[in-house]
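Structure assessment
One-letter residues, chain by chain:
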Amino acid sequence: MIRNEMKLKNVPREMFDETKRLEEILSVIRKHEIVKTGLTPEKLRHILEDLGPTFIKIGQIMSSRGDFLPKEYCEELELLRADVKPLDIEVIKKEIENELGAPVDKLFKSIDEKPLGSASIAQVHAAVLPDGRKVVIKVQRPYVADMMMKDFALLSRAAKMAKITPVNQTVDFNMLVEELKEVSINELDFRIEAETTMEFINNMAGIKYVTCPIIEEAYTTQRVMTMSYIDGFSIGDIEKLDAEGYDRKEVATKLVNNFLKQVLDDGLFHADPHQGNLEILNGKIVWLDWGMVGRFGKKEQNILKTAITAVVQKDVNLMKNAVISLGKPTKEINHPELFNDIDEVMERYCSMSLEDMNIGELLGEVVELAAKHGISLPRGFSMLVRALVTIEGVVSKLNVDVNMAQLFSGKVMQDMLESFDLKQEMIGDSKAVYDSAKKSLVIPSLSADLMKSVIKGQTKVNIEPVGFEPLMKRVETLVGDMILCIIMASVIISSSMICTTNMQPQILGIPALGFFGFIFAFAMGIFLIIKIHKRRK
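I will try to describe carefully the structure that is included in this document. Computed from a predicted model, the values in this text were never measured in an experiment. Position numbers for residues start from 1 in each chain and track the written sequence from start to end. Note on the predicted model: pLDDT of at least 70 is required for a residue's local features to be given, and 80 or more for side-chain atom pairs to be given and counted; whole-chain, interface and lining totals, by contrast, use all residues. Hydrogens are left out, water is left out, and the side-chain values use all remaining heavy atoms of the structure.

Our next topic: helix α15 (residues 335-350). Counting from the N terminus, the helices are DSSP H or I runs at least four residues long and the strands are E runs at least two residues long. For a helix, the expected span equals 1.5 Å multiplied by the number of residues minus one. Between its terminal C-alpha atoms α15 stretches 21 Å, which fits the 22 Å expected from 16 residues at 1.5 Å a residue. Exposure classes here rest on a 1.4 Å probe applied to the protein chains alone. A residue is buried below 20% of its type maximum, exposed above 50%, and partly exposed in between. Taken as a whole, α15 has its buried residues at Leu338, Asp341, Ile342, Val345, Met346, Tyr349 and Cys350. Viewed end-on, α15 has its buried residues packed into an arc of 150 degrees, placing them on one side of the element. Facing away from the buried surface of α15 by more than 90 degrees, the exposed residues are Glu344 and Glu347. Any two residues whose heavy atoms approach within 4.5 Å are treated as being in contact. Its buried side turned inward, α15 meets α13 (298-313), α14 (316-326), α16 (359-372) and β13 (375-376). Note that the arc is defined by the directions from the helix axis to the C-beta atoms.

Here is the structure:
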């Protein structure tokens, strides 16, 4: 599929006037009285719903950002629904014709007038191709992409003008707005979703129990996506599963194993796997709606495997290294405190059996812990945590004894065994033994050299204190204040001595030099008082 840069339609000025839009945003905020009563999770959700498609999409994306919002806010934003009044079928047909460049009657044998779904960004209709194949057409609402980009432009300006501080200090708000904009652009360009869907199909080649809709490339553009019609039923329909003879435990196990393959093998995983996006058709699990996905490189995959291995082996150091390697420190790390916090989490979870362990909750705590210590984790990790929690919810509704922690650890152990090469391990171990033996020969001479330097007083030991940074900063601040006080006292004493003379010129009968000295000392005193007062707040 040839994909050019995303183009935007020009919104008529009467539909999007920046001044009116800003007034609308402010009126919605005033209506919910957040200044008086504060911003509760439920109130935030209602505000985003009132503000329209851009902010609904932002809320949906932010529901997976536990590193920016507290857990209760993320859970509330997961309830966001973008269902809206459907557009008239004639408007939809006009959009299809504009995008595909031909009359609808020639493109499709028929299009159902009643939509299968209508959201704030797109509307979905069932249709039939000229050759008789049933398809689904996803049509973007007119002007929605350009309106969202204009909203993001307003947000970017507001972010630069206002000093907005996140819940923790690991996320820069300006960068967050740009990230949200990038994610939204990807979801607004249906060609990206089509390419992702086809990539998933290639990744699943050879796996018979998984499928997804087939993209009709000739009928897919930036604003219109056409795919095969899936006449299945929701994976959460237990009565239908039982009636058609499906083994629910087998379905749940295959679902989880396939998701783990997406994460640990393919590096491309479905980031919104709720039961509405999972159907059963002819003995296969169908993954729908590939608009929101997460990606992992080999580095992130290996670190994630290391983290799971650390849990299985109850290795705090291994988990600490995994967290630091996976994220990007935004401030100096207090390693003893980080170790203690990880040890606390590990002790709580490692005391459980794998049957009782909730892998989504565990990784969610890792996200919170990383945020606390100023370690910014990649966006894909937050999306993974949300996806894991969603998958666990789907599995629990199937009411079967399937544990993700066991499957996760089993997958990691299996990958380790498959990648294990006995010959290479023996060669590596032999080389290590040889190197160690060779180095051991020089240990006596090195020890003798060390003793000589100690005796001659030439040995220096460098000690780096850890955990004293806050105390040292406090001492530096106090020393700075003391220096200011000494300077101020010196100026006052010097000015007082000058005032005992008849030095000219004079101001109000006081030598000018002494007068200005008192003014300078007074100003310095006021500055010092304000500085101390601010620090105590």
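Nonpolar side chains (Val, Leu, Ile, Met, Phe, Trp, Tyr) are joined into patches within 5 Å and like charges within 9 Å, using only residues with over 30% relative accessible area and no salt bridge. Every accessible area reported is derived by Shrake-Rupley at a probe size of 1.4 Å, with residue values counting cover from the shown protein chains alone. Should a side-chain nitrogen of Lys or Arg be within 4 Å of a carboxyl oxygen of Asp or Glu, the pair is scored as a salt bridge. Residues scored as positive are Lys and Arg, those scored as negative are Asp and Glu, and His as well as the terminal groups of each chain are ignored. Every charge is mapped to an atom, namely NZ of Lys, CZ of Arg, CG of Asp or CD of Glu. Together, Asp88, Glu90, Glu97, Asp105, Asp112 and Glu113 give the surface a local cluster of negative charge. Mapped onto the secondary structure, Asp105 falls in helix α7 (residues 104-107).

Below, the discussion takes up the environment of Lys372. Here Lys372 is to be found in helix α16. Between the C-alpha atom of Lys372 and that of Asp341, which follows or precedes it by 31 residues, the distance is 9.9 Å. Setting aside chain neighbours within four positions, we find Lys372 in contact with Lys331, Glu337 and Asp341.

Bringing the side chain of Asp341 into the picture now. In this fold, Asp341 is placed in helix α15. Accessibility expressed as a relative area gives 14% for Asp341, which makes it buried. Here a polar contact is taken to be a pair of N or O atoms separated by no more than 3.5 Å, where protein atoms must pair a possible hydrogen donor with a possible acceptor and residues adjacent in sequence count only if both atoms sit in side chains. At 2.9 Å, the side chain of Asp341 and the side chain of Lys372 are in polar contact.

Okay, unusual backbone geometry next. In this structure, the amide linkage connecting Gln504 to the following residue, Pro505, adopts the cis form with an omega of -5 degrees. At Asn282, a position not held by glycine, the phi torsion is positive, near 50 degrees. Relative to the assigned elements, Asn282 resides in the loop between β9 (278-281) and β10 (284-287). Asn282 sits in the exposed class, given a relative accessible area of 70%. Positive phi values are uncommon outside glycine, yet Asp289 reaches one of about 60 degrees. Mapped onto the elements of the fold, Asp289 is located in the loop between β10 and β11 (293-295).

Only buried residues count toward a nonpolar core, which is a set of Ala, Val, Leu, Ile, Met, Phe, Trp, Tyr and Cys residues joined through side-chain atoms within 4.5 Å. Residues Phe259, Trp287, Leu304, Phe381 and Phe408 are the most contacted members of the largest nonpolar core, which totals 103 residues. Looking at this core element by element, the count peaks at nine residues for helix α17 (residues 379-397). Residues contacting Phe259, with those up to four places away along its chain left out, are Phe269, His270, Trp287, Leu384, Ala387, Leu388 and Ile391. Grouped together as the second largest cluster of nonpolar side chains are 15 residues, Leu100, Leu129, Tyr219 and Val224 included.

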